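Below, each chain spelled out in residue letters.
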Amino acid sequence: NCHWDNSRGSLIVLEGLDRSGKTSQSNSLVSFLKGKGVPVEAWHFPDRSTTVGGMISSYLANKSQLDDRTIHLLFSANRWEKSSLMETKLKSGVTLVVDRYSYSGVAFSAAKGLDIQWCKAPEEGLIAPDLVLYLDIPPEKAAERGGYGSERYEHLDFQQKVASHYTNLHDHTWKVIDACQPAEDIEKQLRELALECISSRRDGKPLSRLWL
Ligand code: NYM
């Protein structure tokens, strides 16, 4: 597996509505990449293990109330507090598969009616993903999957608004995957896209920053 040497790791983000299958797909992708000898770690935002993450978790569980701008900035701070570690890992050659990132930050807050540019501002300067895998599912289908939890945001009318805001965030790094396909087909597509992304890092492309 020496052909992975000397190149930086890739930042691969999975995005999608709640119940789009992101979490199981990212776990499966990470196991696959490990099997291929790729140095890789599974990450997830919000990272609930930090102090800020604890505040986010309590807000999501309806155990605390925060105004919309405050929670938005906490989600962003939760990415910032991890960003130097993220940079170190990527530069040392570790690929990070991240379940949710700044796009969730903007899409969920904008769905509450906050201005999109205002939502994007605190994300500016975070490491930009090399690849965003968007698991595309109609909100009605996601709701049918059942198991919407009891956390904030987990209801159909809100998810419909989130979906429309996600659409406006697509850029050249996005690949839209039809999340209504059988899980094995989705897995296969994600594996191909991820491997292609990781091997093209041998081109020495430096890390770039959001939202440039
Ligand atoms: N969420 C997640 C946000 O509103 N903003 C963010 O920046 C991030 C990363 O948190 N409904 C929302 C989306 C989810 C909720 O995420 C918890 P998860 O992936 O279920 O732990």
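Residues numbered from 1 in each chain as written. Predicted model: local features only at pLDDT ≥ 70, side-chain atom pairs only at ≥ 80, totals over all residues. Heavy atoms only, no water.

1. Details of the side chain of aspartate 130
Point 1. Note that aspartate 130 resides in the loop between helix H5 (116–120) and strand E4 (131–136).
Point 2. Ignoring any residue separated from it by four or fewer positions in sequence, one finds aspartate 130 in contact with Arg8, Gly9, Ser10, Leu11, Thr173, Cys197, Arg201 and Lys205. (Helix = DSSP H or I, 4+ residues; strand = E, 2+ residues; numbered from the N terminus. Contact = heavy atoms within 4.5 Å.)

2. Observations regarding the UniProt feature "domain: Thymidylate kinase-like" (unreviewed entry) in the protein chain
Point 1. Here the UniProt feature "domain: Thymidylate kinase-like" (unreviewed entry) sits at residues 14–189.
Point 2. Secondary structure within residues 14–189 divides into 49% helix and 14% strand; the distance between the first and last C-alpha atoms comes to 13 Å. (UniProt positions renumbered as here; feature names shortened; annotations may be inferred.)

3. A short note on the sheet that holds strand E3 (residues 95–99)
Point 1. Overall, parallel pairing links the five strands, which are arranged E2-E3-E1-E4-E5 in an open sheet. Both outer strands of the open sheet, strand E2 (40–44) and strand E5 (174–178), are each paired with one neighbouring strand and no more. Each strand axis lies, on average, 20 degrees off the axis of its neighbour in the sheet, ignoring direction.
Point 2. Bridge count between strand E1 (residues 11–16) and E3: four bridges; the pairing is parallel. Bridging across to E3, leucine 11 finds its partner in leucine 96.
Point 3. Along the sheet, helix H3 (residues 68–91) makes contact with E1, E2 and E3, crossing E2 at roughly 160 degrees. (Pairing = 2+ DSSP bridges. Axes fitted to C-alpha atoms, helices over the stretch in contact; angles between N-to-C directions.)

4. A word on the site of the ligand
Point 1. The full set close to the ligand counts 13 residues, and Asp18, His44, Arg48, Arg79 and Arg100 are the nearest of them.
Point 2. Within the contact set of the ligand, a nitrogen atom lies 3.0 Å away from a side-chain nitrogen or oxygen of aspartate 18.
Point 3. Within the backbone of glycine 105, a nitrogen or oxygen atom sits 3.3 Å from an oxygen atom of the ligand.
Point 4. Protein coverage of the free-state accessible area of the ligand, which is 480 Å², stands at 93%.
Point 5. Applying the majority rule of atoms within 2 Å of the grid points places the ligand in the largest pocket.
Point 6. Per element, the largest residue contribution to the shell around the ligand is three residues, and it comes from helix H4 (residues 102–110).
Point 7. Each residue belonging to the shell around the ligand can be placed in one class, and the counts come to six nonpolar, three polar and four charged. (Near = heavy atom within 4 Å. Polar contact = N/O pair within 3.5 Å; in protein donor to acceptor, adjacent residues only side chain to side chain. Areas by Shrake-Rupley, 256 points an atom, 1.4 Å probe, with all protein chains shown as cover. 1 Å grid on protein atoms, 1.4 Å probe; cavity = no way out; pocket = protein on both sides within 12 Å on 5 of 7 lines; lining within 4 Å. Sits in = over half its atoms within 2 Å of the grid points. Nonpolar A, V, L, I, M, F, W, Y, C, P; charged D, E, K, R; others polar.)

5. Structural notes on the confidence of the model for the protein chain
Should the pLDDT be low somewhere, the predicted coordinates at that spot are not to be read in detail.
Point 1. Mean pLDDT over the protein chain: 95, with 98% of residues reaching 70 or higher.
Point 2. Overall fold confidence (pTM) sits at 0.97, and the ipTM for the predicted complex is 0.99. (pLDDT = per-residue confidence, 0-100.)

6. Re the packing of aromatic side chains
Point 1. Taken as a whole and assessed by the stated rule, the structure comprises 11 aromatic pairs.
Point 2. With 5.2 Å between their ring centres and 90 degrees between their planes, tyrosine 103 and tryptophan 174 make a pair best called edge-to-face. Of this pair, tyrosine 103 sits in helix H4 while tryptophan 174 sits in strand E5, and the two are 71 residues apart along the sequence. Take tyrosine 103 and tryptophan 174: they sit in the same class, and that class is buried.
Point 3. Residues phenylalanine 108 and phenylalanine 158 carry aromatic rings whose centres are separated by 6.2 Å and whose planes lie at 45 degrees to one another, so their mutual orientation is tilted. Taken together, the residues span a long stretch of sequence, with phenylalanine 108 in helix H4 and phenylalanine 158 in helix H7 (residues 156–167) at a distance of 50 residues.
Point 4. The exposure class of phenylalanine 158 is buried, given its relative accessible area of 10%. (Phe/Tyr/Trp six-rings, centres within 6.5 Å; stacked < 30°, edge-to-face > 60°. Buried < 20%, exposed > 50% of the residue type's maximum accessible area, 1.4 Å probe, protein only.)

7. Focus: the environment of glycine 93
Point 1. Examined against the element boundaries, glycine 93 turns out to sit in the loop between H3 and E3.
Point 2. Taking the C-alpha atoms as reference points, glycine 93 and alanine 42, 51 residues apart in sequence, are found 14 Å from one another.
Point 3. Dropping the residues within four chain positions of it, glycine 93 is found in contact with Ser7, Arg8, Gly9 and Pro39.

8. What about unusual backbone geometry?
Point 1. Note that the residue after phenylalanine 45, namely proline 46, is joined by a cis bond; omega there is 0 degrees.
Point 2. Here proline 46 lies in the loop between E2 and helix H2 (51–60).
Point 3. Going from leucine 210 to tryptophan 211, the amide bond is cis rather than trans, its omega being -15 degrees.
Point 4. Secondary-structure assignment places tryptophan 211 in the segment after helix H8 (183–200).
Point 5. Phi angles above zero are rare outside glycine, and arginine 19 is one such case at about 70 degrees.
Point 6. Mapped onto the elements of the fold, arginine 19 is located in the loop between E1 and helix H1 (22–35).
Point 7. Judged by relative accessible area, arginine 19 falls into the partly exposed class, the value being 38%.

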